[in-house]
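Here is how the chains run, residue by residue.
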Amino acid sequence: MGVMTIDGRKVEFTDEPNILTVIRKADIDIPTLCYHSELSVYGACRLCTVENDKGKTFASCSEPPRDGMVIYTNTPRLMKYRKLILELLLAAHCRDCTTCIKSGECQLQSLAHRMGVMDVRFENTKELQPIDDSSPAIVRDPNKCILCGDCVRMCDNVQAVNAIDFAYRGTKALVTPAFDKKIAETDCVNCGQCRVVCPTGAISIKTNMDVIWDLLADKDTKVIAQIAPAVRVAVGDQFGLPRGENVMGKLVNVLHRMGFDEVFDTSYGADLTVIEESEELLNRLESGEKLPLFTSCCPAWVRYCENRYPEFAENLSTCRSPQQMFGAVVREYYKDPEKNLGKRVVSVSIMPCTAKKDEILRPESSTNGKQDIDYVLTTTELVSMIRKSGIRFENLEIEASDMPFGIGSGAGVIFGVTGGVTEAVLRRLRKGHNRVDMDNIKFSGVRGEKGLKEVEFDYNGRTIRAAIVSGLGNADALLKRIKAGEVHYDFVEVMACYRGCVMGGGQPVPAGPRTKSARMKGLYDSDVNTQIKKSNENPLVQTLYDGLLKGKEHKLLHRNFEA
Ligand code: HC1
Ligand code: SF4
């Protein structure tokens with residue numbers, strides 16, 4: 001522990017990694033464009049520069065705090081310096097702010113406003129670069145890039161993909177895939193995490209909003225929505241409600257008002273996945289083949305495994321993801337003219353994830369040659385659509401999701417947080433369903449934010465070993481150890497985004513760490529409030545198996561490469 005003086009006030013510090021964190025702890029919102037607590041320190045933007053009592057200036061993000069230090073954060077010299085940095089950044093930046101998708105949420109825009117930049121004295125001499133919209137998930141606009149390197153470090157340090165990097169020097173410097181390839185020609189897994197940390201509109205979500213508006217207005221089209229678990233805890237705070245609050249009821253209402261004909265819950269699809277995947281695990285344990293079983297519900301992870309560890313591709317579960325199981329079931333259900341009323345049925349899933357936009361295009365995401373899901377809207381796009389509609393989301397009454405796919409179990413809801421799939425499978429495999437049984441599973445090690453968790457459980461006298469990883473870098477480290485024979489598991493849950501889908505690449509960018517944990521808590525609280533805890537005890541799921549699914553389980557619920 002130590003004490004430093006910041007702007008004339010004593011501030012204690014303990015294990016803060018740098019001066020910037022101590023300054024923020026003292027409630028001074030020092031600006032930065034390239035600092036993220038979960039990425040390595042880069043020190044490129046220099047906006048967090050401070051001055052010490054000897055008049056020396058330095059970036060506060062890359063200096064550790066020392067006892068007795070005296071620093072100033074807001075001297076006239078620093079203010080001029082910050083304004084100059086912003087002017088230089090703006091000089092090399094296209095300035096079509098009013099039409100930029102990031103307008104209103106762009107950190108460069110808001111800092112320029114905050115620092116009083118009313119004029120840019122320098123000319124933009126940068127050559128105009130082509131926009132890369134080759135990916136189904138993200139759009140890259142190099143003309144809006146400020147070279148902070150956040151996306152590069154995210155893609156490399158955290159996601160271990162390394163699809164993008166710096167190229168060229170001086171005024172020609174760019175962030176780009178190697179050899180000037182398009183992003184779709186790289187190993188990019190569409191996780192969207194680069195977009196989450198991008199402070200400007202240089203990386204944005206590839207949007208489907210306009211086509212959805214047109215479909216909603218078309219009287220001859222029946223538009224069906226499914227809402228993923230993690231979406232419900234990431235919308236409320238965008239409309240002034242408490243962060244992490246489950247707003248599923250309001251979401252159903254707003255989607256109905258916007259023109260969606262039916263609104264279902266993806267947690268129902270997650271229940272189907274739990275049942276199928278548990279069965280698959282038991283079969284593989286019996287045969288001893290293709291172990292460990294890797295979950296396959298996260299499409300960014302599936303791509304990563306196929307690209308980097310093809311030798312493990314067979315270990316991936318053959319189960320479709322909840323989104324895709326649901327899509328196939330909904331398509332089958334609406335084949336009936338009594339249900340589709342002679343209209344074209346369009347299936348839209350509302351997801352926290354940009355990679356889901358890619359998943360729907362994969363060959364095994366079609367049945368009988370037709371795509372099961374037509375469009376994916378991310379949470380961020382949905383928030384934009386609600387704003388555009390003018391509906392006061394915060395004031396809406398709640399509505400129940402529609403039948404017959406409107407009820408998911410608590411196990412299905414917690415899919416949206418890392419460890420949720422494993423916890424759901426454990427609930428399925430273990431006997432008992434009362435509070436004590438659920439608590440035993442809850443405290444077995446499945447919960448928490450750690451990037452790697454390990455659990456062991458007994459199944460009919462056999463010890464099953466499971467690992468839970470979130471963040472592809474963590475998955476990469478684990479796969480290397482599995483490959484080297486250093487660790488052995490029967491079941492491995494992988495989510496590409498650290499903390500799970502609640503932190504997906506399509507979610508609104510969280511204001512801080514408290515938003516992240518509030519989203520996790522929001523899903524666990526939803527489970528607490530759900531009577532049905534186990535997927536196999538969801539009566540709607542039972543009805544489906546006894547009816548529409550009979551004899552079609554494999555075709556509709558598994559990754560069917562011949563479809
Ligand atoms: Fe997810 Fe899943 S949990 S992958 O994070 O298995 O996106 O929420 O919908 O499909 O259910 C995402 C979330 C989501 C699927 C489920
Ligand atoms: Fe890297 Fe993910 Fe961004 Fe692709 S979407 S460039 S994999 S961080």
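On a predicted model such as this, the values are computed, not experimentally measured, just so you know.

Regarding its fold elements, the chain presents 20 helices and 19 strands. In terms of overall size, the chain behaves like a compact globule, its C-alpha atoms giving a radius of gyration of 25 Å where 563 residues would be expected to give roughly 24 Å. Overall, the C-alpha framework of the chain stretches about 75 × 55 × 50 Å when taken along its three principal axes. Counting over 563 residues, the chain shows a buried share of 48%. Relative to all contacts within the chain whose residues are 6 or more apart in sequence, the contacts with residues 24 or more apart total 74%.

Another point: the site of ligand 1. In the neighbourhood of ligand 1, 21 residues make up the surrounding shell, with Ala228, Ala230, Cys297, Cys353 and Cys501 lying closest. Of all the secondary-structure elements, those providing two or more residues to the shell around ligand 1 are α8 (266-287) and α10 (322-333). Counting residues per element, the shell around ligand 1 draws most heavily on α8, which supplies four residues. Grouping the amino acids of the shell around ligand 1 by side-chain chemistry returns twelve nonpolar, eight polar and one charged.

What follows is about unusual backbone geometry. Between Leu291 and the following residue, Pro292, the backbone shows a cis peptide bond with an omega angle of 0°. Note that Pro292 resides in the loop between α8 and β12 (293-294). Residue Pro404 follows Met403 across a cis peptide bond; omega there is 10°. Structurally, Pro404 is set in the loop between α13 (379-389) and α14 (410-413). The phi dihedral of Asp180 falls on the positive side, at around 55°, and the residue is not glycine.

In this section: the sheet that holds strand β16 (residues 375-378). Reading across from one edge, β11-β10-β13-β16 is the order of the four strands in this open sheet, with parallel pairing throughout. Strand pairing shows two members of the sheet lacking a second neighbour, β11 (262-265) and β16, which therefore form its edges. For this sheet the average axis-to-axis angle between neighbouring strands, irrespective of direction, equals 25°. Bridge count for strand β13 (residues 344-351) against β16 is four bridges, and the pairing is parallel. Its bridge partner being in β16, Ser349 is matched across the sheet by Val376.

In this section: the domain arrangement of the chain. Assigned domains of the chain: these are domain 1 (2-74), domain 2 (88-205) and domain 3 (221-290 + 315-441 + 503-557). Taking the mean C-alpha position of each, domain 1 and domain 2 sit 26 Å from one another. Across the boundary between the two partners, domain 1 contributes ten residues, which contact 14 residues of domain 2. Class assignment for the residues of the side of domain 1 that touches domain 2 results in seven nonpolar, two polar and one charged.

In this section: the pairing of strand β3 (residues 49-52). Bridge count for β3 against strand β4 (residues 57-59) is three bridges, and the pairing is antiparallel. Looking across to β4, one finds that Thr49 is bridged to Ala59. With antiparallel pairing between neighbouring strands as the criterion, β3 and β4 make up a hairpin whose turn holds four residues, including Gly55 at a positive phi of roughly 85°. Bridge count for β3 against strand β5 (residues 70-72) is two bridges, and the pairing is antiparallel. Looking at the pairing, Glu51 lines up with Tyr72 of β5.

It is worth spelling out the confidence of the model for the chain at this point. Where the model shows low pLDDT, its predicted coordinates should not be examined in detail. This prediction gives the chain a mean pLDDT of 95; 99% of its residues lie at or above 70. Across the whole predicted complex the pTM is 0.95, and at the interface the ipTM reaches 0.94.

This next bit is on the sheet that holds strand β19 (residues 491-495). With respect to topology, four strands assemble into an open sheet ordered β12-β19-β18-β17, the strand pairing being mixed. Here the strands that pair on one side only, and so sit at the sheet edges, are β12 and β17 (452-459). Pairing between β17 and strand β18 (residues 462-470): eight bridges, direction antiparallel. In the strand pairing of β18, Glu456 is matched with Arg465. Strand contacts of helix α16 (residues 435-446): β17 and β18, with the helix running at about 135° to β17, the strand carrying the most contacts. Packed on one face of the sheet, helix α17 (residues 472-483) meets β17, β18 and β19 and runs near 140° to β18.

Turning our attention to the UniProt feature "domain: 4Fe-4S His(Cys)3-ligated-type" (unreviewed entry) in the chain. The positions that UniProt labels "domain: 4Fe-4S His(Cys)3-ligated-type" (unreviewed entry) are, in the present scheme, residues 77-116. Secondary structure content for residues 77-116 is 57% helix and 0% strand, and the end C-alpha separation is 15 Å.

For the α-helix, the turn length of 3.6 residues means that residues three or four positions removed from each other point alike. Every buried residue of helix α7 (residues 248-258) is listed here: Met248, Lys250, Leu251, Val252, Val254 and Leu255. Each element contacted by the buried residues of α7 is listed here: β10 (221-227), β11 and α13. Looking one or two places after α7, you find Gly259, whose phi comes out positive at around 120°.

The local shell around ligand 2 holds 14 residues, among which Cys155, Val161, Cys188, Cys191 and Cys194 are the closest. If you list the elements that add at least two residues to the shell around ligand 2, you get α4 (150-158) and α5 (193-197). Along the lines of polarity and charge, the residues of the shell around ligand 2 split into ten nonpolar, four polar and no charged.

Let us now look at the packing of α8 against α10. Packing of α8 against α10 brings their axes to within 8 Å, and their N-to-C directions diverge by 100°. Between α8 and α10, the angle is such that the two are roughly perpendicular. In this structure, α8 uses Thr266, Tyr268, Gly269, Ala270, Leu272 and Thr273 to contact α10, whose residues at the interface are Pro322, Gln323, Met325 and Phe326. The residue makeup of the contact of α8 with α10, split by class, is six nonpolar, four polar and no charged.

One finds Cys151, Ala225, Trp301 and Ala496 to be the most contacted residues of the largest nonpolar core, which totals 151 residues. A total of six residues in this core trace back to one element, the largest contributor, which is α8. Residues within four places of Ala496 in sequence aside, it is in contact with Val189, Cys191, Cys298, Ala300, Trp301, Tyr304, Ala355 and Leu472.

Moving on: the environment of Arg303. Note that Arg303 resides in helix α9 (residues 299-308). Measuring from C-alpha to C-alpha, the distance between Arg303 and Cys148 comes to 27 Å, with 155 residues separating the pair along the chain.

To continue, consider α13. Those residues of α13 that sit buried are Thr379, Thr380, Glu381, Leu382 and Ile386. Those residues of α13 that are buried lie in contact with β9 (203-205), α6 (209-217), α7, β13 and β16. Phi turns positive one or two residues past the end of α13, at Gly390, with a value near 80°.

Cut-offs used in this document
- Residues numbered from 1 in each chain as written.
- Chains lettered and ligands numbered in written order.
- Predicted model: local features only at pLDDT ≥ 70, side-chain atom pairs only at ≥ 80, totals over all residues.
- Helix = DSSP H or I, 4+ residues; strand = E, 2+ residues; numbered from the N terminus.
- Rg over C-alpha atoms; globule rule 2.2 N^0.38 Å.
- Buried ≥ 20, exposed ≤ 12 C-beta atoms within 10 Å, placed from the backbone.
- Contact = placed C-beta atoms within 7 Å.
- Near = placed C-beta within 6 Å.
- Nonpolar A, V, L, I, M, F, W, Y, C, P; charged D, E, K, R; others polar.
- Pairing = 2+ DSSP bridges.
- Axes fitted to C-alpha atoms, helices over the stretch in contact; angles between N-to-C directions.
- Domains from an automatic or database assignment.
- pLDDT = per-residue confidence, 0-100.
- UniProt positions renumbered as here; feature names shortened; annotations may be inferred.
- Parallel < 35°, antiparallel > 145°, perpendicular 65-115°, else oblique.
- Core = buried A, V, L, I, M, F, W, Y, C linked by C-beta atoms within 7 Å.

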